[in-house]
Amino acid sequence: MSKLRAKISGIHAWVPPYILTNKELEAMVETTDEWIMSRTGIRERHILKGEGLGTSDMGAEAVRGLLEKTGTNPEDVELLICATVTPDMTFPATANIISHKAGLKNAFSFDLNAACSGLLFALITASKYVETGMYKKVIVVGADKMSSITDYTARETCVLFGDAAGALLLEPTTENVGIMDSLTGTDGSGRVHLHMKAGGSLKPASHETVDAKEHFIYQEGQPVFKFAVTRMADVSAEIMERNHLTADDISYLVPHQANLRIIDATARRMGIGKEKVMINIDRYGNTTDATIPLCLWEWENKLKKGDNIILAAFGGGFTWGSIWVKWAY
Ligand code: UT7
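About the cut-offs
Residue numbering note: each chain is counted from 1, following its sequence as written. Totals for whole chains, interfaces and linings use every residue, but because this is a predicted model, local features are given only for residues with pLDDT of at least 70 and side-chain atom pairs only at 80 or more, for both listing and counting. Excluded from the side-chain calculation are hydrogens and water; included are all heavy atoms of the structure. To qualify as a helix, a DSSP run of H or I must reach at least 4 residues; to qualify as a strand, a run of E must reach at least 2; elements of each kind are numbered from the N terminus. Between buried and exposed lies partly exposed: a residue is buried under 20% and exposed over 50% of the maximum accessible area for its type, with that area taken using a 1.4 Å probe on protein chains only. Residues counted as positive are Lys and Arg, residues counted as negative are Asp and Glu, and His and the chain ends are not counted. By convention in these notes, a salt bridge is any Lys or Arg side-chain nitrogen within 4 Å of a carboxyl oxygen on Asp or Glu. Pairs of N or O atoms are called polar contacts if they sit within 3.5 Å, as long as, within protein, a hydrogen donor faces a hydrogen acceptor (for residues adjacent in sequence, only side-chain-to-side-chain pairs). Summary of the distance rule: residues count as near a molecule or strand when at least one heavy atom falls within 4 Å of that molecule or strand. Note on definitions: a residue-residue contact is assigned when non-hydrogen atoms from the two residues lie within 4.5 Å. Fitted lines through C-alpha atoms give the axes, limited to the stretch in contact for helices. The angle between two N-to-C directions lies from 0 to 180 degrees. Angular relationships are summarised with four words: roughly parallel below 35 degrees, roughly antiparallel beyond 145, roughly perpendicular across 65 to 115, and oblique for the angles in between. Crossings are classed by handedness, with left-handed meaning an anticlockwise turn of the near helix from the far one by less than a right angle and right-handed meaning a clockwise turn. Under this grouping Gly is polar, as are all residues other than the nonpolar Ala, Val, Leu, Ile, Met, Phe, Trp, Tyr, Cys and Pro and the charged Asp, Glu, Lys and Arg. We call a set of buried residues a nonpolar core when its members are Ala, Val, Leu, Ile, Met, Phe, Trp, Tyr or Cys and they connect through side-chain atoms within 4.5 Å of each other. Segment limits for the domains were obtained from an automatic or database-derived domain assignment. Two strands pair if DSSP finds at least two bridges between them.

Details of the side chain of D307
As for its placement among the helices and strands, D307 is situated in the loop between helix 11 (291–299) and strand 12 (308–315). Of the buried charged residues, D307 lacks a salt bridge, with K304 as the closest side chain of opposite charge at 4.0 Å. In this structure the side chain of D307 is engaged in a polar contact, spanning 2.8 Å, whose partner is the backbone nitrogen of K304.

Remarks on the site of the ligand
Taken together, 23 residues are adjacent to the ligand, and T31, R39, Q222, N259 and N286 come closest. With respect to the ligand, the side chain of R261 contributes an N or O atom lying 3.1 Å from an oxygen atom. Listing elements by their share of the shell around the ligand, those giving two or more residues are helix 2 (33–40), helix 6 (155–158), helix 8 (221–242) and helix 9 (260–270). A total of five residues in the shell around the ligand trace back to one element, the largest contributor, which is helix 8.

Focus on the side chain of D151
Mapped onto the secondary structure, D151 falls in the loop between strand 6 (138–145) and helix 6. On the basis of relative accessibility, which here comes to 12%, the residue D151 falls in the buried class. Here the side chain of D151 touches T153 through a polar contact of 2.7 Å, side chain to side chain. Residues within four places of D151 in sequence aside, it is in contact with T157, C158, K213 and F216.

Here we look at the packing of helix 8 against helix 9
Their axes nearest at 9 Å, the elements helix 8 and helix 9 cross at an angle of 30°. Taken together, the axes of helix 8 and helix 9 lie roughly parallel to each other. Between helix 8 and helix 9 lies a crossing of right-handed hand. Across the interface between the two elements, F225, A228, V229, M232, A233, D234, S236, A237 and M240 of helix 8 pack against R261, I262, A265, T266, R269 and M270 of helix 9. Residue composition of the contact of helix 8 with helix 9, by class: ten nonpolar, two polar and three charged.

With respect to the nonpolar core
L253, I272, V277, I310 and F314 are the most contacted members of the largest nonpolar core, which has 40 residues in total. Elements supplying a minimum of two residues to this core: strand 8 (178–186), helix 8, strand 11 (250–255), helix 9, strand 12 and strand 13 (319–326). Ranked by the residues each element gives to this core, the list is headed by helix 8, at six residues. Counting residues domain by domain, this core receives three or more from each of domain 1 (5–178) and domain 2 (180–326). If we ignore the near neighbours within four places in the chain, the residues touching V277 are L253, P255, I263, A267, I272 and W299. Residues L112, L170, M278 and I292 belong to the second largest nonpolar core, which totals 36 residues.

Focus: unusual backbone geometry
Glycine aside, residues mostly have negative phi angles, and peptide bonds mostly take the trans form. Backbone torsion omega between F91 and P92 reads 0°, so that peptide bond is classified as cis. Turning to its location among the elements, P92 is positioned in the loop between strand 4 (79–83) and helix 4 (94–101). G317 connects to F318 through a cis peptide bond whose omega is -5°. Note on placement: F318 falls in the loop between strand 12 and strand 13. Here H244, not a glycine, exhibits a phi torsion of approximately 55°, which is positive. With respect to the helices, strands and loops of the structure, H244 is situated in the loop between helix 8 and strand 11. Exposure remark for H244: the relative accessible area of 70% places this residue in the exposed category. Although it is not a glycine, T288 sits at a positive phi angle of roughly 55°.

Comments concerning the sheet that holds strand 12
Overall, mixed pairing links the four strands, which are arranged 8-13-12-11 in an open sheet. Both outer strands of the open sheet, strand 8 and strand 11, are each paired with one neighbouring strand and no more. Neighbouring strand axes in the sheet, compared pairwise and without regard to direction, differ in orientation by 15° on average. Pairing of strand 8 with strand 13, which is carried by eight bridges, proceeds in the antiparallel orientation. Following the sheet pairing, I179 is matched in strand 13 by V325. Strands strand 8, strand 12 and strand 13 of the sheet are contacted by helix 5 (residues 118–131), whose axis makes an angle of about 135° with strand 8.

Purely spatial values, then, with no claim about function.
Encoded structure:
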């Protein structure tokens, strides 16, 4: 009997309508469009505005759209995993709230946190439920309201991040398509360079933590940059090598969108030309768990069945990973 694989059978994404441009940021902090573009490649990012709206609202929008375009009955979905670093609340899981808002009455759901690699880790986890034959319809959501943990007086970070959500449908197949292989890694010693200082059990929220602005993203850009370049490039090259894939075999690289210079370095290491690299960081910035589905969603019409695609990410933790996908439709 041929092997059961998990295929991506649908992709959808949602971005909030408000666009925060570099020009607007120039009026908020001491920065310039030139600095932001040359150091990061970001021109604008979308921000979720409005009282009472959180990550689950963006996730539910993406899931509703995915169900509609794939003709999937919400009650047939058995599992939903949400990758996020900006959950609606510490508990319950944002995945539970998304399932409720999108009418997934029969799905069990949970969150997964692996910072910017979360979407990849969630996709790998979800694929195992499908490959074992346990579930036939699984949704993976990558959603982050990064604006909720961004200090808009700190120029080092506020220019980088945006809000968005993406959702993928996984279903079983016996064809030679779908999630083919994956590589992952973590190194907890890297946490010192990228984290949120307070709000967890180590340092619960207090007046002092609020006054010290410890509920925002803390990032030491340069060490993170250095690790991101090597780890993302290494893991992408390694997954090609161990599957005997050459640059000619690859249709697209889908890198996490944190910095255009990191993306370029990864593509160079893989020997892949720029025309094969999905890049939309200029319009969305770093949306953490949503960057990879946002790319796939925008490129969906160009993809063909059998295309070899490498997904690659690096994030806080540190975490990193790559997945080889054969596109299924
Ligand atoms: O997605 C999760 C993983 N995260 C990443 O992969 C991010 C990795 N890191 C990076 O992408 C880059 O390190 C940054 C984009 C965050 C920063 O770029 P950089 O080239 O590493 O700049 P830097 O931090 O070394 O700062 C260079 C200078 C500094 O000024 P001095 O000390 O040279 O006078 C900063 O104060 O640029 C200054 N600077 C800014 N200037 C204008 C920092 N932010 C800004 C800004 N506008 N927004």
